[in-house]
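Summary of the model geometry
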Amino acid sequence: MGTDHSKNKRRRSMVFLRKSSKLPAWEDALLAGKEPKSLLKRGLRYVSLSLIMKGMTSTPDFLWGLREVQKLNLSRNQLVVIPPSLAKLDRLVVLNLGGNCLKCLPKEIGLLRNLKVLFVNMNCLTEVPAELSLCRKLEVLSLSHNCISQLPLSFTDLTSLRKLNLSNNRFVQIPLCVFALRSLDFLHLGSNRLESIAESVQYLVSLQIFIVENNNIRTLPRSLCFITTLELLNVDYNAIQTLPDDLYLLRRLPRIAWNPMDKGLHIAHNPLSRPLPEVVEGGLNVLFNYLREKKEHN
């Protein structure tokens, strides 16, 4: 009888604790006596764990014992630091740390040799550890909406990187290491402080989407016209007055685009010198013909 009474009392206190404290789901599970592994989801491709929007200010210690995790989502919490223990999750393929309060990443992130996708967008980073370049399998990296102004030169080693988002940061120029990333097909540098694009951009021979909207760019380099793989070029909201004569070489641009999601040339909200504004209004073919004839006459 006494045992049943104590069990009931424990249950009542547990219910009260849940209601009064509104514990995050993972804490709730542990207090209910469940194994941390019960939080894992085993999909067709990855063993995953999602602790999104749990109000966490620090990572739970049990996390670092879940060695089989391949896809981890810790986004939209209030995490201030990620401990070196992260290195224990060496099977990670996808890591989402977006929407936290991180000021830095641990150097041990370089030990995640299987990592292919990393989101650290919407944090408070001012720099990125050089050790991240040891993640040679990395294919997708988002560092958008931080306070970063430069990247480590060692980033040239990220030869598998295909998609890089550096938008909404503090870059005054495109980091030199970016021009060595020959596998890039997506590069977003919108809403920074760029005033120019280096001629070295021509080395990004696989680039299909290039976004540099909302900067202070005055001219486009001629070498940009040699990236004939480009399908979307967004230079909206800059200070561009003239266009390079060889722009017509970008034959994969399908149109003058106005919708941000459309492929094509985005050139709106620039102080284009006459007669370019009227020519652009005529569409991409009219613009390309104008530039081709202009070059022939020169």
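Residues numbered from 1 in each chain as written. Predicted model: local features only at pLDDT ≥ 70, side-chain atom pairs only at ≥ 80, totals over all residues. Heavy atoms only, no water.

Before going further, it helps to examine the overall build of the chain. Along the backbone of the chain there are four helices and eleven strands. Buried residues in the chain amount to 47% of all 298 residues. A separation of at least 24 residues holds for 31% of the contacts in the chain among residues at least 6 apart in sequence. (Helix = DSSP H or I, 4+ residues; strand = E, 2+ residues; numbered from the N terminus. Buried < 20%, exposed > 50% of the residue type's maximum accessible area, 1.4 Å probe, protein only. Contact = heavy atoms within 4.5 Å.)

To continue, consider the sheet that holds strand S7 (residues 163–165). The eleven strands lie next to each other as S1-S2-S3-S4-S5-S6-S7-S8-S9-S10-S11, forming an open sheet whose pairing is mixed. This sheet does not close on itself; its edge strands, each paired only once, are strand S1 (41–42) and strand S11 (264–266). Relative to S7, strand S6 (residues 140–142) runs parallel, the two being bridged by three bridges. Paired with leucine 141 across the strands is leucine 164, a residue of S7. (Pairing = 2+ DSSP bridges.)

Under the criterion given, the structure shown has zero aromatic pairs. Across from the ring centre of tyrosine 248, 4.7 Å away, lies the NZ or CZ of arginine 292, which sits over that ring. (Phe/Tyr/Trp six-rings, centres within 6.5 Å; stacked < 30°, edge-to-face > 60°. Lys NZ or Arg CZ within 6 Å of the ring centre and 35° of its normal.)

This part is about the pattern of salt bridges. Close approach of charged atoms allows side chains with opposite charge to pair. Overall, the coordinates contain twelve salt bridges when judged by the stated rule. Taking the shortest distance from any N to any O, the salt bridge between arginine 162 and aspartate 185 comes out at 3.5 Å. With arginine 162 in the loop between S6 and S7 and aspartate 185 in the loop between S7 and strand S8 (186–188), this residue pair connects regions lying 23 residues apart in the sequence. Among the residues examined, aspartate 185 registers a relative accessible area of 13% and is labelled buried. Close ionic contact of arginine 222 with aspartate 246 constitutes a salt bridge, the shortest N to O distance being 2.5 Å. Note that arginine 222 is positioned in the loop between strand S9 (209–211) and strand S10 (232–234) and aspartate 246 in the loop between S10 and S11, a separation of 24 residues in sequence. Judged by relative accessible area, which is 47%, arginine 222 ranks as partly exposed. The structure contains a network of salt bridges with shared partners spanning Glu139, Arg162, Lys163 and Asp185. (Salt bridge = Lys/Arg side-chain N within 4 Å of Asp/Glu carboxyl O.)

Only one face of strand S2 (residues 47–50) is covered, namely the one carrying Val47 and Leu49; the face carrying Ser48 and Ser50 has none of its residues buried. For S1 and S2, the ladder comprises two bridges, and the chain directions are antiparallel. Within the sheet, the bridge partner assigned to arginine 42 lies in S2 and is valine 47. With three bridges joining them, S2 and strand S3 (residues 71–73) adopt parallel strand pairing.

For glutamate 195, the location among the structural elements is in the loop between S8 and S9. Residues glutamate 195 and alanine 239, 44 residues apart in the sequence, show an inter-C-alpha distance of 8.7 Å. Setting aside residues no more than four positions away along its own chain, glutamate 195 makes contact with Val172, Asn216, Ile217 and Arg218.

Turning our eyes to something else, we now look at helix H4 (residues 284–297). Given 3.6 residues to a turn, an α-helix orients residues that are three or four positions apart in the same direction. Compared with an ideal rise of 1.5 Å per residue, which puts 14 residues at 20 Å, H4 spans 20 Å between its outermost C-alpha atoms and is within 8% of the ideal. Where H4 is concerned, the buried positions are Leu284, Leu287, Phe288 and Leu291. Axial view of H4: buried residues confined to an arc of 95 degrees, hence all on one face. Away from its buried face by more than 90 degrees, H4 exposes Asn285, Glu296 and His297. Looking at the buried positions of H4, the neighbouring elements they touch are S11 and helix H3 (276–281). (Expected span 1.5 Å × (residues − 1). Arc of directions from axis to C-beta.)

A few words now on the nonpolar core. In terms of nonpolar packing, the biggest core is built from 82 residues, with Leu151, Phe210 and Leu287 touching the most fellow members. At the level of elements, S2, H3 and H4 are the ones that each hand at least two residues to this core. In terms of residues, this core owes the most to one element, H4, which gives four residues. Mapping this core onto the domain boundaries places at least three of its residues in each of domain 1 (34–152) and domain 2 (176–189 + 198–297). With near-sequence residues (within four places) excluded, leucine 287 lies in contact with Leu243, Ile256, Leu265, Leu276, Val279 and Val280. If you look at the next biggest cluster of nonpolar residues, it comprises five residues, including Val93, Val94, Val117 and Val140. (Core = buried A, V, L, I, M, F, W, Y, C linked by side-chain atoms within 4.5 Å. Domains from an automatic or database assignment.)

Here we take up the environment of glycine 264. Tracing the chain through its elements places glycine 264 in strand S11. For the pair glycine 264 and proline 254, spaced ten residues apart in the sequence, the C-alpha separation amounts to 5.1 Å. Apart from residues no more than four positions distant in its own chain, glycine 264 is found in contact with Glu231, Leu232, Leu233, Leu253, Pro254, Arg255 and Ala257.

Our focus in this paragraph is the confidence of the model for the chain. Predicted coordinates in areas of low pLDDT are best not read in detail. Averaged over all residues, the pLDDT of the chain equals 91, while 89% of them reach at least 70. Between residues 12–21, whose pLDDT stays under 50, and residues either more than four places distant or in other chains, the model counts eight contacts. (pLDDT = per-residue confidence, 0-100.)

Turning next to unusual backbone geometry. Leave glycine aside and you will find that most residues have negative phi; peptide bonds, for their part, are mostly trans. In the segment running from arginine 274 into proline 275, the intervening peptide bond is cis, with an omega of 10 degrees. Mapping proline 275 onto the fold places it in the loop between S11 and H3. The backbone of methionine 53 sits at a positive phi, close to 55 degrees, despite the residue not being glycine. Tracing the sequence through the fold places methionine 53 in the loop between S2 and S3. With a phi close to 55 degrees, tyrosine 237 is a non-glycine residue in the positive phi region. When you line up the elements, tyrosine 237 lands in the loop between S10 and S11. Residue tyrosine 237 is classed as partly exposed on the basis of its relative accessible area of 45%.

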